[in-house]
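# What the coordinates show
Listed below, chain by chain, are the residues.
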Amino acid sequence: MGNSKIYSKIFYTRELEKTLRPIIQQYPAGKVFLATENTVDKLWISKFDDFFSELSVKKVQIPSGEQNKKIESVGKIWEFLSNNGGDRKSLLINIGGGMLTDLAGFAATTFKRGIDFLNVPTTLLSQVDASVGGKTGINFSGLKNEVGTFKEPIAVVINTDFLKTIDKANFVSGFAEMIKHGLIHNAEHLEELKSFNFDDIDYDILQEVIRHSVEVKTHFVANDLTEKNIRKALNFGHTVGHAFESLAMKQGRPILHGYAVAYGMIAELYLSAKMCNFSEDELGELIKWLLEIYGKFEIEATDFEALYQLMTHDKKNDSGRINFTLLPAVGKIEINQNCSKELILEALNFYKNL
């Protein structure tokens, strides 16, 4: 299959084998491989063992957990592909959460200078965010996603059945990226999320809600694959959020990515009110809603400088300035907003005192 696609084909299905079979059959026999993580392997892959062995798909497994999103894990996938006859006509199928699809996607884009890969995300976070949009990466030298590539998978297969086995915290973590999509582009999608019932999930309805969310992401990605311009909208909540996430990790009280993004969105909505006249009333309502779902990450005034320094490492910065995507209103964005250190510390103080 060609490598020239601008963005992937996305399949929404609850019939995984039926969707994967014709794709696998387009590749030479024995040249299709599977990368997964051990928790997903135990819960899910075993159910498809007969299917994969019938199609001669060999499997490599990486230990689960963000701490394994590192170059050694990539080396394990490279070695597996090399030892099993992987070549430039191969396909790597990645089944797992965002950590796995990021990492195995990176392994695929660098093996033999790039082979095709396909993502089957198994968490809500990876279904609406990590597996779509062509970013791959690993953590390096204590920094999140410090090394990676831009390369779209040939396809993404989204199946809500996988979400039946994730705990509520991880489900809610993924939901934060959906909220972000509503805030930056689609007020109707945001309203749909406000009425979502976490305690009685209808997986067919959820599939449609996910589709609406993914459509927002693909809109920005299609217009700006390598994040030079409008795609920066997708970073809303992430400049402060990634700093919270890194600080939490350093302090030995790690938080899930989506929770960090939710806390980051609160701080960046405050910046939006100060810099872009985002409505104070709407700010209050959104913060109340976000706090109900995500609670609060406790920070001290003594953490502010460390958080600020972490923000200066953000990959979206240029010329040493911290760049934010901010909102004048729901569904409207202003990229490359440069906030003073004083205002950033004010936003952190606002968050601290909520």
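Residues numbered from 1 in each chain as written. Predicted model: local features only at pLDDT ≥ 70, side-chain atom pairs only at ≥ 80, totals over all residues. Heavy atoms only, no water.

Turning next to the overall build of the protein. Tallying secondary structure elements over the protein gives 14 helices and 10 strands in all. Here the C-alpha coordinates of the protein stretch approximately 60 × 40 × 35 Å along the principal axes. In the protein, buried positions account for 56% of the 354 residues. Partitioning the contacts of the protein with sequence separation of at least 6, the portion at a separation of at least 24 is 77%. Carbon and sulfur atoms provide 49% of the accessible area of the protein, an area that totals close to 14,900 Å². Across the protein, 40 positive and 46 negative side-chain charges occur, with their mean positions spaced 7 Å apart. (Helix = DSSP H or I, 4+ residues; strand = E, 2+ residues; numbered from the N terminus. Buried < 20%, exposed > 50% of the residue type's maximum accessible area, 1.4 Å probe, protein only. Contact = heavy atoms within 4.5 Å. Areas by Shrake-Rupley, 256 points an atom, 1.4 Å probe, with all protein chains shown as cover. Lys, Arg positive; Asp, Glu negative; His and termini not counted. Charge placed at Lys NZ, Arg CZ, Asp CG, Glu CD.)

Right, let's talk about unusual backbone geometry for a bit. A positive phi is found at Ser-56, a non-glycine position, where the angle reads about 55°. Here Ser-56 shows up in the loop between helix H3 (49-54) and strand S3 (58-62). Looking at Ser-56, the relative accessible area reads 40%, which means it is partly exposed. Phi is positive for Arg-113, close to 65°, though the residue is something other than glycine. The exposed category is assigned to Arg-113, whose relative accessible area is 74%.

Mean pLDDT over the protein stands at 93; residues scoring 70 or higher make up 96%. Overall, residues 1-6 carries pLDDT values under 50, and its contacts beyond four positions in sequence, including any with other chains, amount to 10 contacts. (pLDDT = per-residue confidence, 0-100.)

We now examine the environment of Phe-350. Within the secondary structure, Phe-350 is located in helix H14 (residues 341-352). Along the primary structure Phe-350 and Ile-266 are separated by 84 residues, whereas in three dimensions their C-alpha atoms are 9.3 Å apart. Excluding residues within four positions of it along the chain, Phe-350 makes contact with Ile-266, Tyr-270 and Ile-287.

Between its first and last C-alpha, helix H9 (residues 203-223) extends 30 Å over 21 residues, near the 30 Å set by a 1.5 Å rise per residue. Within H9, the full set of buried residues consists of Tyr-203, Leu-206, Gln-207, Val-209, Ile-210, Ser-213, Val-214, Val-216, Lys-217, Thr-218, Phe-220 and Val-221. Packing partners of the buried residues in H9 comprise strand S1 (9-12), helix H6 (124-130), strand S8 (155-158), helix H7 (168-185), helix H8 (187-194) and strand S10 (332-338). (Expected span 1.5 Å × (residues − 1).)

How two helices sit against one another is set out by the angle between their axes and by the gap between those axes. Interaxial distance between H7 and H9 falls to 10 Å at its minimum, and their mutual angle equals 55°. Relative to H9, H7 is oriented oblique. Considering how the two elements wind past one another, H7 and H9 form a crossing that is left-handed. When H7 is examined against H9, the residues Phe-171, Met-178, His-181, Ile-184 and His-185 are found in contact with a partner set consisting of Leu-206, Val-209, Ile-210, Ser-213, Val-216, Lys-217, His-219 and Phe-220. When grouped by side-chain class, the residues that make up the contact of H7 with H9 number eight nonpolar, four polar and one charged. (Axes fitted to C-alpha atoms, helices over the stretch in contact; angles between N-to-C directions. Parallel < 35°, antiparallel > 145°, perpendicular 65-115°, else oblique. Left-handed = near helix turned anticlockwise from the far one by under 90°. Nonpolar A, V, L, I, M, F, W, Y, C, P; charged D, E, K, R; others polar.)

This part covers helix H13 (residues 304-312). Of all the residues in H13, the buried ones are Phe-304, Leu-307, Tyr-308, Leu-310 and Met-311. The buried residues of H13 occupy an angular sector of 160° when the element is viewed end-on, so they sit on one face. Next to the buried residues of H13 lie helix H10 (238-250), strand S9 (323-329) and H14. (Arc of directions from axis to C-beta.)

Phe-175, Ile-179, Ile-210 and Tyr-294 are the most contacted members of the largest nonpolar core, which has 73 residues in total. Here the element with the most residues in this core is helix H11 (residues 257-276); it accounts for 12 residues. Excluding anything up to four places from it in sequence, Ile-179 contacts Leu-190, Leu-193, Met-265, Trp-289, Leu-290, Ile-293 and Tyr-294. Counting residues in hydrophobic clusters, the runner-up holds 24 residues, among them Tyr-27, Trp-44, Val-57 and Ala-155. (Core = buried A, V, L, I, M, F, W, Y, C linked by side-chain atoms within 4.5 Å.)

Here we come to the environment of Lys-232. Note that Lys-232 resides in the loop between H9 and H10. Since its relative accessible area comes to 12%, Lys-232 is described here as buried. For the pair Lys-232 and Val-221, spaced 11 residues apart in the sequence, the C-alpha separation amounts to 9.4 Å. Those residues within four positions of Lys-232 in sequence are excluded, and the remaining contacts are Asp-224, Glu-227, Thr-325, Ile-335 and Asn-336. A polar contact is formed between the side chain of Lys-232 and the side chain of Asn-336, at a distance of 3.0 Å. (Polar contact = N/O pair within 3.5 Å; in protein donor to acceptor, adjacent residues only side chain to side chain.)

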